[in-house]
Every structure is written in structure tokens, then in C-alpha cells.
Amino acid sequence: MGGFMLYVDGKRRATLRPDELLLFILHELVEMPVIVEADIEDRSKGDRLSKTIAILQLAWFVLQLVARYVQDLPVTLLEVDTLALVALAGIAYCFWWKKPKDVGRPYAVYWKTTASPPRQLAYEYVVNVLS
Amino acid sequence: MFFLEIVLIRLHPRQVDVESPTDSWVYFVVTCIYPFASLMGYRTLNSSRAVNSRRVPSLGGYGENCVYSPPYFRLLIILLIACVAGIAFGGIHCLGWNFSQGHAEQILWRAASLAIISAPVLILPFWAYEIKTDNFAPRLADVVPIVSIVIYSIARVILIVLIFMSFRSPPPGTYDTVAWTNPIPHF
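These remarks concern the structure in this document. (Residues numbered from 1 in each chain as written. Chains lettered and ligands numbered in written order. Predicted model: local features only at pLDDT ≥ 70, side-chain atom pairs only at ≥ 80, totals over all residues. Heavy atoms only, no water.)

The subject of this paragraph is helix α6 (residues 143-165) of chain B. Its 23 residues give α6(B) an end-to-end C-alpha distance of 33 Å, which sits within 8% of 33 Å, the value for a rise of 1.5 Å per residue. Regarding α6(B), the residues found buried are B:P145, B:S148, B:A155, B:R156, B:L159, B:L162 and B:I163. (Helix = DSSP H or I, 4+ residues; strand = E, 2+ residues; numbered from the N terminus. Expected span 1.5 Å × (residues − 1). Buried < 20%, exposed > 50% of the residue type's maximum accessible area, 1.4 Å probe, protein only.)

This is the structure in C-alpha cells:
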């Protein structure tokens, strides 16, 4: 997800956290972004097809495993382990179902020039050990 | 992971220009465990690369201050999802309870499956209490969840090793396909 990018004097500063954005809006330092659900879905890039293919493959695996069990064919431990991973993938897919895929551009939020800009934003902090 | 988080935060307070000891072994360890700490979703730890490219951190930050719901509520939900997923993971491994393999292997498989089920069961109340009381100070009771995590990891490795060991003598008919799947085109 691209998030909300704060622009100060035409230059980009950092991505805003939800509480920061809300604070700036309440103090009327930035404009309230108007976004409808269709705008967010429009950012997603061809995800429905890839999700459908992945789910078909998972369903095919589970179906085959059940069929093997019904027909008394041996089931290997590797298949049991894969079934467990399929269950975890199912949980992850449920929670990320509506997340747009591969959003490249953030939503621009412009600082009103009358007030002085914030000194430091949360996402400007760096874990120095990785620099 | 709470413990690791406490270590991370104590080592690196949230300032931009903190000098870090690059020659110490702590530096190496922290660099290795850093992705896991944010993967667990407890804290957003920004890498300098993410800040330079102005990216939103893809993981973590669920415990940050927010007006819509209190942080402990979201942390509890994350903990619950993780523990339920872990229990389901171990439960499905219990389907291999009676698989034909060596006696020692069978006992090991059962023990590892039960360990994977029981570790989240032990972790859940301890960390739920820590989140609810908002007290992450190290205590003696922290030993239980940390040992559970270690046992869970060892059990997972044992399961993977047992899977590969079962390839030595696969049951006859492993390569037989289900009768009705042949006419249907598939990957």
C-alpha cells in the first residue's frame, strides 16, 4: 500500500501514520483526503486472476488428497505437511483478500503553507543498525 | 519476541543519528532478528532503505497509537490469530498419527505434533496477560512462552526431518493416482 505521503512546499517528506494524518486534519494543517472504495480497488493490478489460480491449485490439492483417502491410496507425510501449509495460506488469504496488490504511488497530502512544517515524522526514524 | 523487542528498543532508541557498535556481535544478532520482530507485528522498525525510498513499512505498526481502537485490542487480535493458526497447524499434523513408519519415528511425529499444538496454548495466556496489563517488563514467567517458542521451532524441524526420512521407504502405491483425476486436465 502506498499510504499518505506528506508534501511540504512541493517536496515530499515522509509517509504519514494514521494518528499523524488525523492530527493534521483536525488542526486543519492538511486537507481531508476524499477517497471512495472504488479508488482503492482501482490501484490493484490484476490480482483477481492470480488469486483465483492460486486458490484453484490449493483446492485441487485438497480434493486430490481427500480422493486418495477415500480410495484407500497411501497418503504421505509430505502431503499432510502441505495440507497444514494450505490451511495457513487459507487464513492469510482471508485476511489479505481485499488488500490491493502492488500499489506503487502513495496518496499525496499537501501541507498548507501558512503553518510551519513538522520537525520530525514517525516514519523518518531509522533503525540505525541496518543503515 | 517481546524480549527481542525490548532488546531492540533498548539498543536503539528512536533517534536518527545514534551511533551503533558495528564491530560487536550484538550488531550482527540484532540485524538477523530485526525482520522477525516486525514480522510479528508488534513494532514498526524502519530500515533506512525504506525511509530513503519513502515506503510504508509493509509489516508491523499495529501496536502504534491510534484513535480508532486501543493498541492492546489490536495486539490481542494478532496474538489470537497467530496462536489459533499454530494450533490448527499442529492439529493437521496429527492426521499423520498412525502413518506406517518406524516405531521411533512414529513416537517422534506424535510428540512433535502435540508440541506444536501445546506451544501456542501456553503462549496465549501469558502474552495476553502482558498485553492486557500493558506491562512488558521482563519477568520470571516470561520463561514459559520463550521456552515454548524454542520447543515449537525444534518440533517443526523434527517434523521436516521426519518427512524427508519417510522418503527412504514410501508405502507401495504412493505413485498411483486417483482413478477419476486422469481424464480431467490439471497442472
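Additional details are given in the paragraphs that follow.
Another point: the pattern of salt bridges. Any two side chains of opposite charge can pair if their charged atoms end up close together. Counting across every chain of the model gives 3 salt bridges over all chains. Here A:K112 and A:E31 are joined by a salt bridge, their closest N and O atoms 3.2 Å apart. Here A:K112 is found in the segment after β3 (107-110), whereas its partner A:E31 is found in the loop between α1 (18-26) and α2 (37-43), with 81 residues between them in sequence. The class of A:K112 is partly exposed, set by a relative accessible area of 31%. Linking B:R156 and A:D81 is a salt bridge whose minimum nitrogen-to-oxygen distance equals 3.0 Å. Here the residue B:R156 occupies a position in helix α6, and A:D81 occupies one in helix α4 (residues 77-95), the pair thus bridging two chains. (Salt bridge = Lys/Arg side-chain N within 4 Å of Asp/Glu carboxyl O.)

With respect to the helices, strands and loops of the structure, A:L21 is situated in helix α1. Apart from the residues within four sequence positions on either side, A:L21 is in contact with A:F4, A:L16, A:V30 and A:V109. (Contact = heavy atoms within 4.5 Å.)

Residue and element names in this part refer to chain A. The mixed open sheet is built from 3 strands, whose spatial order is β2-β1-β3. At either margin of the open sheet sits one strand with a lone partner, and together these are β2 (11-16) and β3. Direction aside, neighbouring strands of the sheet carry axes that sit 35° apart on average. With 4 bridges joining them, strand β1 (residues 4-8) and β3 adopt parallel strand pairing. When the bridges of β3 are listed, F4 appears paired with Y107. Where α1 meets the sheet, it contacts β1, β2 and β3, and its direction lies at approximately 120° from that of β2. (Pairing = 2+ DSSP bridges. Axes fitted to C-alpha atoms, helices over the stretch in contact; angles between N-to-C directions.)

Attention now goes to the packing of aromatic side chains. Residues and elements named next belong to chain A. Counted by the stated rule, this structure contains 4 aromatic pairs over all chains. Ring plane angle 45° and centroid distance 5.4 Å describe the contact between Y7 and Y110, whose orientation is recorded as tilted. Taken together, the residues span a long stretch of sequence, with Y7 in strand β1 and Y110 in strand β3 at a distance of 103 residues. Residue Y7 is classed as buried on the basis of its relative accessible area, which comes to 16%. Consider the rings of F24 and W111, whose centres lie 5.1 Å apart with planes at 90°: the pair is edge-to-face. Placement of the pair is F24 in helix α1 and W111 in the segment after β3, with a sequence separation of 87 residues. Summarising the burial analysis for this pair, F24 and W111 share the class buried. The aromatic ring of W97 is capped on one face by K51, whose charged end is 5.0 Å from the ring centroid. (Phe/Tyr/Trp six-rings, centres within 6.5 Å; stacked < 30°, edge-to-face > 60°. Lys NZ or Arg CZ within 6 Å of the ring centre and 35° of its normal.)

All names here are of chain A. The backbone phi angle of D9 is positive, close to 55°, even though this residue is not glycine. Positive phi is not limited to glycine here, since E28 has a value of about 55°. Assignment of secondary structure puts E28 in the loop between α1 and α2. E28 sits in the exposed class, given a relative accessible area of 59%.

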